[in-house]
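Topology and contacts: notes
In case you want the letters, here they are:
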Amino acid sequence: MAVATKAAPAAAEDKELLISGSEAVAEALTLADLDVVTAYPIRPYDTVMQAIAKKIANGQLVAEYIVAEGEHSQFEIVKHASTVGARVFCGSSGVGWAYAMECLVVTPPLRVPMVCLVGNRALDDPGAFGVEHNDALFVRDLGWMLCWIDSSQEALDTTLIAYRVAEDRRIFLPCAISADGAFLTHSQALTLVPPKEKVDTFLPRYNRGDLLLHPDNPITVAPQANEDWVIEIRRQNDEAMKRASTVIEEAYADFRRVFGRAPDNPWFEEYMTQDAEVVLVGMGTISLPIKVAIREMRAKGKKVGLVRLRWFRPFPTEKLVAALSKAQAIGVIDRDYSMGSPFMSGVVANEIRAAMYNADRRPPLLSFISGLGGREVTLEDVYKATEMCYGAAKAGRSDAKTHWLGVRD
Amino acid sequence: MAETTTFTNATQILEPFRGVKKVTIEEYFTSGHRTCQGCESALVMKLMVKAAGPRTIVLGSTGCMYVANTTYYTTPWVVPWMHTQLGSSGSAALGTAAGLKALMRKGKMKAEPINVIAFCGDGGGADMGIGAISATLTHKEYNSLILLYDNESYANTDIQISGMTPFGAHTTFSPPGRAKRIMHTRWKKNMAGMMAAGHPECRYVATVCASYAVEMMNRVRRALTIGGPTFIHSLDPCPKGWDYDPMLSHELGELAIETGLFPLYEVEDGQVRYYGKTKAIVEGRARKPVREYLLKQGRFAHFTEEDLAYFQRKVDAMWQTWEIPAVVPFKRLDATKSALGAT
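Rules used in this analysis
- Throughout this document, residue positions are counted from 1 along each chain, in the order its sequence is written.
- Chains and ligands are labelled sequentially in the order written, the chains with letters from A and the ligands with numbers from 1.
- Since the coordinates come from a predicted model, pLDDT governs what is reported: local features require at least 70, and pairs of side-chain atoms require 80 or more to be given and counted, while whole-chain, interface and lining totals use all residues.
- Only DSSP runs of H or I covering at least 4 residues are called helices, and only runs of E covering at least 2 are called strands; the numbering of each starts at the N terminus.
- A radius of gyration in this sense is built from C-alpha atoms; the matching globule rule multiplies 2.2 Å by the number of residues raised to 0.38.
- Using C-beta atoms placed from the backbone, we call a residue buried if 20 or more other C-beta atoms fall within 10 Å of its own, exposed if 12 or fewer do, and partly exposed for counts in between.
- The contact criterion used here is simple: two residues whose C-beta atoms, placed from the backbone, lie within 7 Å are in contact.
- Paired strands are those between which DSSP finds at least two bridges.
- In this analysis an axis means a line fitted to C-alpha atoms, helices contributing only their contacting stretch, and an angle means the value between N-to-C directions, from 0 to 180 degrees.
- Confidence of the predictor at the level of single residues is given by pLDDT, which spans 0 to 100.
- An expected span of 1.5 Å times one less than the residue number is assigned to each helix.
- As used here, the arc is the angular range of directions from the helix axis to the C-beta atoms.
- Seen with its strands pointing away from the viewer, a crossover is right-handed when the path leading from the first strand over the helix to the second is clockwise.
- Here the bounds of each domain stem from an automatic or database domain assignment.
- In the scheme used here, Gly and all other residues not listed as nonpolar or charged are polar, with Ala, Val, Leu, Ile, Met, Phe, Trp, Tyr, Cys and Pro taken as nonpolar and Asp, Glu, Lys and Arg as charged.
- Any angle between 65 and 115 degrees counts as roughly perpendicular, while under 35 counts as roughly parallel, over 145 as roughly antiparallel, and the rest as oblique.
- The handedness criterion is simple: a crossing whose near helix is rotated anticlockwise from the far helix by less than a right angle is left-handed, and one whose near helix is rotated clockwise is right-handed.

**Some remarks on the overall build of chain B**
- Within chain B, the secondary structure is distributed over 13 helices and eight strands.
- For 343 residues, the compact-globule estimate of 2.2 N^0.38 gives 20 Å, and the C-alpha radius of gyration of chain B, at 20 Å, lies within 12% of that figure.
- Per-residue burial for chain B yields a buried fraction of 52% across its 343 residues.
- Considering only residue pairs separated by 6 or more positions, chain B has 70% of its internal contacts joining residues 24 or more positions apart.

**Here we look at the sheet that holds strand β13 (residues 311-313) of chain A**
Residues and elements named next belong to chain A.
- Read across the open sheet, the seven strands follow the order β3-β2-β4-β5-β7-β6-β13; overall the sheet is mixed. The sheet is open, and its two edges are formed by β3 (64-67) and β13, each paired on a single side. Averaged over all pairs of adjacent strands, the angle between their axes in this sheet comes to 20°, without regard to strand direction.
- Here strand β6 (residues 145-148) runs beside strand β7 (residues 175-180); their pairing, made up of four bridges, is parallel. Bridged to L146 within β7 is A176.
- Sheet contacts for helix α2 (residues 46-57): β2 (36-39), β3, β4 (88-92) and β5 (115-120); angle to β3, the most-contacted strand, approximately 135°.
- Here helix α7 (residues 152-166) sits on the sheet and contacts β5, β6 and β7; the angle it forms with β7, its principal contact strand, is near 165°.

**A word on the environment of R203 of chain B**
Residues and elements named next belong to chain B.
- Counting through the fold element by element, R203 comes out in the loop between α6 (191-198) and β5 (204-208).
- In this structure, the C-alpha to C-alpha distance between R203 and G227, residues 24 residues apart in sequence, is 7.7 Å.
- The residues touching R203, leaving out its near neighbours within four places in the chain, are I226, G228, T230, E268 and D269.

**Things to note about the confidence of the model for chain B**
All names here are of chain B.
- Per-chain confidence: chain B averages 94 in pLDDT, with 95% of residues scoring 70 or above.
- Here residues 1-7 is a poorly scored stretch, pLDDT under 50, and it has four contacts once near neighbours within four places are set aside; other chains count.
- Here the predicted complex carries an ipTM of 0.94, next to a pTM of 0.95.

**Topic: the environment of A251 of chain A**
All names here are of chain A.
- Here A251 is to be found in helix α9 (residues 226-259).
- Taking the number of C-beta atoms within 10 Å as the measure of exposure, A251 has 23 and is therefore buried.
- Here the alpha-carbon distance between A251 and F202, two residues 49 residues apart in the chain, equals 8.5 Å.

**A look at helix α13 (residues 379-395) of chain A**
Residue and element names in this part refer to chain A.
- Compared with the 24 Å implied by 1.5 Å per residue over 17 residues, the 24 Å span of α13 between its first and last C-alpha is a close match.
- Where α13 is concerned, the buried positions are D381, V382, A385, T386, M388, C389 and A392. Projected down its long axis, α13 shows its buried positions confined to an angular sector of 160°, all on one face. Summarising the geometry of α13, the exposed residues directed more than 90 degrees from the buried face are E380, K394 and A395.
- Here the buried face of α13 lies against β11 (278-282), α10 (287-299), β12 (304-309), β14 (329-334), β15 (365-369) and β16 (402-404).
- Within two residues after α13, G396 carries a phi angle of roughly 75°, on the positive side.

**Some words on α6 of chain B**
- Regarding α6 of chain B, the residues found buried are M191, A192, G193, M195 and A196 of chain B.
- Looking at the buried residues of α6 of chain B, the elements they touch are α4 (122-128), β4 (144-150), β5, β6 (229-235) and β7 (265-268) of chain B.

**Side note on the pairing of β7 of chain A**
All names here are of chain A.
- When you tally the buried positions in β7, you get six out of six residues, the bulk of the element.
- Of the two faces of β7, both are covered, the one formed by C175, I177 and A179 as well as the one formed by A176, S178 and D180.
- Examined bridge by bridge, β5 and β7 share six bridges and lie parallel to one another. Within the sheet, the bridge partner assigned to N120 lies in β7 and is D180.
- Considered for its hand, the β-α-β crossover made up of β6, α7 and β7 is right-handed.

**Comments concerning the domain arrangement of chain A**
All names here are of chain A.
- Structurally, chain A comprises domain 1 (15-259) and domain 2 (268-404).
- For domain 1 and domain 2, the distance between their C-alpha centres works out to 28 Å.
- Every contact between the two is made by 27 residues of domain 1 and, on the other side, 20 residues of domain 2.
- When the residues that make up the side of domain 1 that touches domain 2 are grouped by side-chain class, the tally is 16 nonpolar, seven polar and four charged.

**Observations regarding unusual backbone geometry**
Residue and element names in this part refer to chain A.
- Look at the link from R43 to P44: it is a cis peptide, with omega at 0°.
- Following the sequence through the fold, P44 ends up in the loop between β2 and α2.
- The backbone of F343 sits at a positive phi, close to 60°, despite the residue not being glycine.
- For F343, the location among the structural elements is in the loop between β14 and α12 (347-356).

**With respect to the packing of helix α11 (residues 317-324) of chain A against α12 of chain A**
Residues and elements named next belong to chain A.
- α12 packs onto α11 with a crossing angle of 90° between their chain directions and a minimal axis gap of 10 Å. As summarised for this structure, α11 and α12 are arranged roughly perpendicular, according to the angle between their axes. Together, T317, L320, V321 and L324 of α11 and I352, A355 and M356 of α12 make up the contact between the two elements.
- Residue composition of the contact of α11 with α12, by class: six nonpolar, one polar and no charged.

**Some details on the packing of helix α1 (residues 21-31) of chain A against α2 of chain A**
Residue and element names in this part refer to chain A.
- Contact pair α1 / α2: the axes reach a minimum separation of 8 Å and the direction vectors enclose 45°. In terms of orientation, α1 and α2 fall into the oblique class. Our pair here, α1 against α2, has a crossing hand that is right-handed. Residues S22, E23, V25, A26, L29 and T30 of α1 pack against T47, V48, A51, I52 and K55 of α2.
- For the contact of α1 with α2, a count of residues per class yields six nonpolar, three polar and two charged.

Right, dumping it as structure tokens:
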């Protein structure tokens, strides 16, 4: 997908619907014949649970729909349902995701292939419904696969891909799909909904195999392992995450074969990077204003491109380094913060700095923080960041600082 | 697919054992655990799953019966068993039951009644996990049993106060000292009464004590047979936490009942039925003084006569002033006062 804002041509049997990102996920869950789902209200992710509730009420989806009494239970219920072989879905936003933290921690080592929607939201206090990526990023070190999407179509497609990858026996890790609160959870776009038969070809039934908790398979799950075994179990999780790189590429290739769409590069979208002098990097719907700004700047002769990172875990280190090291300067715009971290940068900027450390060619990298709490990232913000990147390119070095864009002094 | 809102799940029909000689000999909780000598909770686990039988899944929240029971490579569980988080016994029961139900009704798994039991200690159940247990007891479409094994402290982490620790008990968080003889001044929660009173569609709540093993197993069998979410509260003497000779576990269980401190009863479809020695108390047998129970335990060794008298008065009140003695702690307004509209 060279330009994600344009939908692929509709295959004859696809339905075209005007739906939000959350509704697109609900369409995918229906096609995936979800078994157990748990809901708890928090904006903005809860729109997906409202959409699922309608599907169940109308008989389009047959699943156990449980409204929990808090996010902790919400995630525990589906975790356990998954261990007896059910395909499960869950989700949350902001501090709701934080409230479930204990359950999020145990899900990867239990090898539970839960798929979740995180409707990214600022972490109150102070109260804010708007997008920040710090919620989903809580779990970045814990064995969750994490990806960011920027359109309804990508929401639907990625949900199907997420189940295919998570439920692969080589992986059995949970996957959280991040959708920017309001900008994607609530914004409608034309979306192609494939027929069930095609989904059945792409997505096999979840098979818990030898890990199934059932009287016919009397196993003891998650005993006390302590120093005798914990490090080996961590290592197994780590190996699964390594294998995810291969399995994700397989899944995208197969998705393309079955549905006739899906990017060649699952890991990140490259927009006008071929000849770019300055490459901006971001995750989620920040791509929209950046792409507009890039078109405007290119009209004035500035060769600017965008790398929109889709998969944050596993992190596409080699591919990303290869793409970015061609630039004269890199500008990473984080919609998150990492207080007290190196250079006081955002999470993505620091990950990319770390990834570039062994690269043969390391262009200057500038770090920006913008759009926190759902504030709009304006074209002016993008122009300003780009100008600073040109300055660094000319100087041949970065200023080793972090710049907050669009903040009142 | 059209469905009615009330979906009845089949359960296993587990008839009560008619006496100790009729109890099945198969064990589903065997060697491999490393609980303390005299641990009554380990006995509760053994009896619980013996009563449930082989077509059972057990979920265990964090606590003694997790940490001391399931060391990797030496599990005592013959039936499938899984750990759940400290406050998650309710969610574990609900999620497991919901997963099974979804797969069975969609034809993805062979349909058969499988018992789902989640256990929790008093810390995991009455403190941290009470919200999730309460929620699960309202989900009447899923069959599960939540069993609270109450050894009256966080016994696995060095004996700390829980919401179920009796008044005044010496724990590592409530040591008697020179300035304060009694550090723990709260009265224990009434878990079974609260669960029964607060969840009108939960069909079965019971209290049990493993000192009466057959009676205890039959309550487990009734809970699993009746269906929907059910709750059992078991009082488990704990030699380490209560500080007594391990040989006295059985006797202390009996004394807890005979003093009236811990009543044995079941609430089925809203009807309270006392059983065992509690029934005899209700029918007029004298309660033993609580000092006989308290003074056998080191955790009350610092009690003065005044403390013992206070404790006795509180237990007397359970029996003399509660609307349903020892079960529901409400009292009617004095009849003459209420007739006059006095406040």
